[in-house]
Amino acid sequence: MAGLIKREDIDEVRQRTDIKEIVDGYVTLKSAGIGSFKGLCPFHDERSPSFHVRPQVGTYHCFGCGEGGDVISFVQKMDHTTFSETVEKLAHRINYTLRYEDGGTGPRREDVGKRQRLLDAHKIAAEFFRAQLLTPGGAAGRQFLEGRGFDQAAAEHFGVGYAPQGWDGLLKHLTGRGFSQDELKLTGMFSEGNRGIYDRFRGRLIWPIRDISGDTIGFGARKLFEDDQGPKYLNTPETALYKKSQVLYGIDLAKRDIARNRQLVVVEGYTDVMACHLAGITTAVATCGTAFGADHIKIARRLLSDDGSGGEVVFTFDGDEAGQKAALRAFEEDQRFIAQTFVAVEPTGADPCDLRMTRGEPAVRELISSRRPLFEFAIKATLKRFDLNTVEGRVQALRAAAPVVAQIRDPAMRPAYSRELAGWLGVDVEDVLRAVAAAGKRAKDQQDTAAAGGAQRSGAQQRQPARQYSGPGQQYRGDGQHGGGNQHQDRSQPRGYSGAPGRPDGGRYGGQGDGSRYGRHGRAVERREQQHSQYPEDAGYPGEAGYATPDAGHPEEAPPSEPAVSLPDLRDPSVRMERDALIVALQQPGLLDAEQWQHFTEANFRAPAHALVHEAIRAAGFAGATPSQWVESVRQAVPEELRGLVSELAVTPLPAHNDDAVRLYCRGILNRLFDIQITQLKADKMGQLQRTDPAADPEAFQRLNRELMELEMQRRALRSE
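Residues numbered from 1 in each chain as written. Predicted model: local features only at pLDDT ≥ 70, side-chain atom pairs only at ≥ 80, totals over all residues. Heavy atoms only, no water.

Peer 1: Tell me about the pairing of strand β4 (residues 59–62), and name the residues and values.
Peer 2: Burial along β4 is two-sided: Thr 59 and His 61 and Tyr 60 and Cys 62, pointing in opposite directions, are all buried. Pairing analysis gives four bridges linking strand β3 (residues 51–54) to β4, with the strands arranged antiparallel. Looking at β4, one finds that Val 53 is bridged to Tyr 60. Hairpin connection between β3 and β4: a loop of four residues separates the two successive antiparallel strands, and Gly 58 in this loop has a positive phi of roughly 65°. Bridge count for β4 against strand β5 (residues 68–69) is two bridges, and the pairing is antiparallel. The partner of Tyr 60 across the bridge, within β5, is Gly 69. Connecting β4 to the antiparallel partner β5 that follows it, the hairpin turn spans five residues, and Gly 66 within it adopts a positive phi of roughly 90°. (Buried < 20%, exposed > 50% of the residue type's maximum accessible area, 1.4 Å probe, protein only. Helix = DSSP H or I, 4+ residues; strand = E, 2+ residues; numbered from the N terminus. Pairing = 2+ DSSP bridges.)

Next up, the structure:
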């Protein structure tokens, strides 16, 4: 059973993983000052780099679009993987063995090793096929590509290759690279006969099929020679890596633009994907030898952020009868999407590859832009089955089309399409509205009956919600198989600060332990510590473990929302000083000694947003956040709308060019902050002194004078540094 990854293991993976090295795989980074790097943001289009990475605090932030987080959230967003998948991937990368809560298990080390061997074999095979395409024997493959308008650059972009006609070309290549026949049997690249294994793909054009992270997990092969007795297209069979119901060809190339544009285009073949991408439709993918089904929809929804805030799925099908049947099958799955679904069918029946060859790339773009709502296509396809020139045909067509209209999710669209259907049929609108309402009621009754029967069979003990909250600080869980997210850090511990992150002396903030003397917003921090981040159930929370997700279907379980907090006005010099001090505390906590931490925690920040970040820093310190947890702990302690601000503060370049200059800068900033705080305190004490009658209360008068003198001594000491 999949379990929750232990919190300390997540912290260890985060701490051991170099965020710059990870980001370098996606973004070209250049130095932006001491300990800081910048590059073009991978999350939005820009000409000037505004994406900053600060390895020392393990954080990234884009000053252009506001995306930010730690190495785990970066990989999640780039590869569109769940929280657990991301942590396991990073752990495997550094050869770290994860442990799981509640007796749960993750992938066994030996299984991880076997999987990696399979991936290595596929990678080498893909390189072999690509090289073969350029040999004299690959001429047939090159001719096929040229005949469909694809040049060498296109072939290289999509990794297209060629499998030679012999029986053991790939077999010899892989055994020569150290793979045993037992290992190769598991790859799906070989068939087995009486004399052993032999190449599955022979004399065929080869497309590598990659998963969402870009690893090759299988191949699709197109017949080139007439004497080939096999099918026109031959794919890798089901293997430990390749599950056709979970694979979308081109997803590795399209994922970033799908997420960015909130659009997914589903086409029917490998060459259609190539044609779309080359025509600028870079959100195109294709299924591999199977219909677009439930598992594909899960991938699509994750990429689209399918939460009701927008997005579209466009299906392209041939105009023939088979294409119409495929479109109707897609409509049956439409209810799984919140995003709008469309269909694009070329009147002549041409697919995107044919369109590009005959009419050029603009025609491909026009095809996608001419999309129609999928339910409109489904209604018209249903009507085509009947003779609308007869009364009987119109009645039968209404009976068949009414359930289709009833399935339209948008309540404003149902009556609109009911009127359209009435016009197409030539019948009264009221008749159609009644038929649609009746069809909807029948469908609901059938669902209720099925649900009641299922509940009776399963018994009272098995009536569980899809996601079950297991207590404060615990992950929402599903059926026991879910591995995303992890337990939250125990918040019941005393709020005594255990030492500044990265400080070898473990110095305390102020020695008070309960944090009661610091600031005015302690209760707000405690309240937020009991809340949970609202992220998808399988994602944990960005860069951290165990923040649970209230079920969208049960709003009563959701925590109360925090009031909106406006960003600080940096035109105010004192607000700019607060910002600089927060930057120092987030980026260089190890440079503050115990006395400086005490002064910092006692500081009163005027800007509300800064005050909340200040509280979060204190909360992270009291909770004993380690260096690897530091910035992310602060991010999770602030309201969601301020998390981008925390990331921004954590990566803002410091105006210093070496370590000594950094230390001097940080000390200077903190001294100026403390000077301002002392000046404010002196003003308060002076007001109290002026209101105190020395004759009536001589003791208070003397105490205030002593406190004013001590504050002045502190101010002079700061200014002398």
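That shown, we press on.
Peer 1: If you had to explain the pattern of salt bridges to someone new, which residues and values would you point to?
Peer 2: Within this structure, the stated rule accounts for 30 salt bridges. A salt bridge links Asp 70 to Arg 14, with the shortest nitrogen-to-oxygen separation between them at 2.7 Å. With Asp 70 in the loop between β5 and α3 (71–79) and Arg 14 in helix α1 (residues 7–16), this residue pair connects regions lying 56 residues apart in the sequence. The residues Asp 70 and Arg 14 share a single accessibility class, namely buried. Of the charged contacts, one joins Glu 346 and Arg 359 as a salt bridge, the two residues approaching to 3.1 Å between their closest N and O atoms. Taken together, the residues span a long stretch of sequence, with Glu 346 in the loop between β16 (340–344) and α14 (352–359) and Arg 359 in helix α14 at a distance of 13 residues. According to the relative accessible area criterion, Glu 346 is buried, its value standing at 9%. Overlapping salt bridges, with partners in common, bring together Arg 7, Asp 11, Arg 14 and Asp 70 in one network. (Salt bridge = Lys/Arg side-chain N within 4 Å of Asp/Glu carboxyl O.)

Peer 1: Can you explain the nonpolar core? Please cite residues and give values.
Peer 2: Ile 251, Ile 258, Leu 264, Phe 292, Phe 315, Ile 379 and Leu 421 are the most contacted members of the largest nonpolar core, which has 44 residues in total. By residue number, the principal contributor to this core is helix α16 (residues 374–383), which donates seven residues. Look past the residues within four positions of Leu 421 in its chain and what remains in contact with it is Ile 379, Leu 383, Leu 398, Ala 401, Val 405 and Val 432. (Core = buried A, V, L, I, M, F, W, Y, C linked by side-chain atoms within 4.5 Å. Contact = heavy atoms within 4.5 Å.)

Peer 1: Summarise the environment of Cys 666; cite the residues concerned and give the values.
Peer 2: Looking at the secondary structure, you find Cys 666 in helix α26 (residues 659–691). Here the alpha-carbon distance between Cys 666 and Ile 583, two residues 83 residues apart in the chain, equals 9.1 Å. Excluding its chain neighbours within four sequence positions, the residues that come into contact with Cys 666 are Val 584, Gln 588 and Leu 591.

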